[in-house]
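Results of the structural survey
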Amino acid sequence: MDTDDRWEPGSLGEGTRRFLLEHKFGMEEIVTKLNILKDEFAHLHESNPIEHVSSRIKTLESLEEKMGRKGVPADSRPSFEEIRARVTDIAGVRVVCSFVSDVYHVFDMLGSQSDLTVREVRDYITEPKANGYRSLHALIEVPVFLSAGTVPVLVEVQIRTIAMDFWASLEHKIYYKYRREVPQQLLAGLRDAAETAATLDTTMEGLHQEIRGLEPLPDDVVRSLRAGISSDAMLRSSLKHLADPLL
Ligand code: 0O2
């Protein structure tokens, strides 16, 4: 095995560049697929299960830190195969949806595409982490077609609601601010906030299902929605109309 097949600590040698580029290409394939679905829903359907899509490749620093945590420290010069097997979120894509049912719908639409293989699913919605974290994680393998052949690349796709995303962003900031030593009081506050977010998701899902079973919304409500009125104001307005269509 030559040096190009092994990790060089803190360096962007040719092997490392190739390794990270492959992940970037895999990530871009998945993002394109999700954006196609998002556009299709925007143009051809009444509602869109995808609010937004974001993506990132781990930085060298963050990847080396996680390699250390996963038992393949950078200074042991692990092979790229070893790193790939232990660190599965080098390429990450995040999909934010309005409703919990949309999370599973998006997962089904992506996971059933014939060129993708779902390697693993971690459902932290059905079984939230002890700290309150909720999200659906899927490790998806995508073929990347390069000049020398096809490389299978693993991409971690995280699908969550707006409420789950709001919670996770704040928790992530707190976690790093306190360098993983978060005070007990804050941890308890975060767990409570996670419960509140889960309750909000359940309530919104119920209202959403109820509204979907009724007449289509009037044009002025749809226009307000497209203009970006908050979902809370939107729901109140829609419900007011549905309660009294002459209003
Ligand atoms: P970053 O900065 O987002 O890249 P783990 O050992 O749990 O860290 P593993 O085994 O890969 O990681 O499993 P998992 O559960 O799929 O976690 C991978 C990623 O999910 C994390 O990447 C986070 O993005 C997100 N995640 C998992 N658990 C939590 C959590 O409790 N809070 C928040 N805010 N995000 C979480 P990184 O590398 O930790 O971080």
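These numbers were taken from a predicted model, which means no experiment stands behind them.

1. Regarding the sheet that holds strand β2 (residues 91–97)
One open sheet holds the five strands; their spatial order is β1-β2-β5-β4-β3, and the pairing between them is mixed. Strands at the two margins of the open sheet, each flanked by one partner only, are β1 (52–57) and β3 (117–123). Averaged over all pairs of adjacent strands, the angle between strand axes in this sheet comes to 25°, irrespective of strand direction. The pairing of β3 with strand β4 (residues 136–146) spans six bridges and is classified as antiparallel. Paired with Val 118 across the two strands is Ile 140, which belongs to β4. Against the sheet, helix α4 (residues 100–111) touches β2, β3, β4 and β5 (149–161), its axis set at about 170° to β5.

2. Quick notes on the site of the ligand
The local shell around the ligand holds 18 residues, among which Lys 58, Lys 70, Arg 122, Lys 129 and Glu 171 are the closest. A distance of 2.9 Å separates an oxygen atom of the ligand from a polar atom in the side chain of Arg 56. Take Tyr 124: an N or O atom from its side chain is 2.8 Å from an oxygen atom of the ligand. With the chains in place, 82% of the 710 Å² that the ligand exposes on its own is no longer accessible. The cavity where the ligand resides is the second largest pocket. Among the elements that line the shell around the ligand, the one with the most residues is helix α5 (residues 162–177), at three residues. When the residues that make up the shell around the ligand are grouped by side-chain class, the tally is three nonpolar, four polar and 11 charged.

3. Brief notes about the nonpolar core
The biggest cluster of nonpolar side chains holds 30 residues, and the ones touching the most others in it are Ile 30, Val 157 and Ile 159. At the level of elements, α1 (14–44), β2, α4, β4 and β5 are the ones that each hand at least two residues to this core. Counting residues in hydrophobic clusters, the runner-up holds 11 residues, among them Phe 19, Leu 20, Leu 63 and Val 72.

4. A word on the layout of surface pockets
Of the volumes computed, that of the second largest pocket is approximately 1,200 Å³. Residue lining of the second largest pocket: 38 residues in total, with Lys 66, Asp 89, His 137, Gln 158 and His 172 positioned closest to the centre. For the lining of the second largest pocket, the secondary structure elements donating two or more residues are β1, α2 (60–69), β2, β3, β4, β5 and α5. Residue contributions to the lining of the second largest pocket peak at six residues, all from α5. Tallied by class, residues from the lining of the second largest pocket come to 11 nonpolar, 11 polar and 16 charged. Residue assignment places the lining of the second largest pocket across two domains, with domain 1 (3–162) and domain 2 (168–243) each supplying three or more.

5. As for the pairing of β4
In terms of strand pairing, β4 meets β5 through 11 bridges, oriented antiparallel. Considered in β5, the bridge of Val 142 is made with Val 153. Hairpin geometry of β4 and β5 is characterised by an intervening segment of two residues between the two adjacent antiparallel strands.

The rules behind the values
- Along each chain, the written sequence defines residue order, and numbers are assigned to residues from 1.
- Local features in this predicted model are restricted to residues whose pLDDT is 70 or higher, and side-chain atom pairs enter the listing and the counts only when it is 80 or higher, whereas totals over whole chains, interfaces and linings include all residues.
- In computing side-chain properties, one takes all heavy atoms of the structure into account and sets aside hydrogens as well as water.
- Note on pairing: two strands pair once DSSP finds at least 2 bridges between them.
- Runs of E in the DSSP output that reach at least two residues are strands. Runs of H or I that reach at least four are helices, and both are numbered from the N terminus.
- Helix axes are fitted only over the stretch in contact, all axes being lines through C-alpha atoms; the angle between N-to-C directions runs from 0 to 180 degrees.
- Note on contacts: a residue pair is in contact if any heavy atoms of the two residues lie within 4.5 Å.
- Neighbouring residues are identified by heavy atoms, a residue being near a molecule or strand if any of them is within 4 Å of it.
- Between N or O atoms, a polar contact is any pair within 3.5 Å; within protein, one atom must be a potential hydrogen donor and the other a potential acceptor, and residues adjacent in sequence are included only when both atoms are from side chains.
- Methods summary: accessible areas were calculated by the Shrake-Rupley approach with a probe of 1.4 Å, and residue burial reflects only the protein chains presented.
- Think of a 1 Å grid over the protein atoms and nothing else: a 1.4 Å probe that fits but is trapped marks a cavity, an open set flanked by protein within 12 Å on at least five of seven lines marks a pocket, and residues with an atom within 4 Å of a point count as lining.
- More than half of a molecule's atoms lying within 2 Å of a cavity's or pocket's grid points is what places that molecule inside it.
- Three classes are used, and their members are as follows: Ala, Val, Leu, Ile, Met, Phe, Trp, Tyr, Cys and Pro are nonpolar, Asp, Glu, Lys and Arg are charged, and the others, Gly among them, are polar.
- Here, nonpolar core refers to any group of buried Ala, Val, Leu, Ile, Met, Phe, Trp, Tyr and Cys residues whose side-chain atoms link them within 4.5 Å.
- Relative accessibility thresholds used throughout: buried, under 20% of the residue-type maximum; exposed, over 50%; partly exposed, between the two (1.4 Å probe, protein chains only).
- Grid points are joined across faces, edges and corners, and a volume is the space filled by probe spheres set on the points.
- Segmentation of the chain into domains, including their bounds, is taken from an automatic or database domain assignment.

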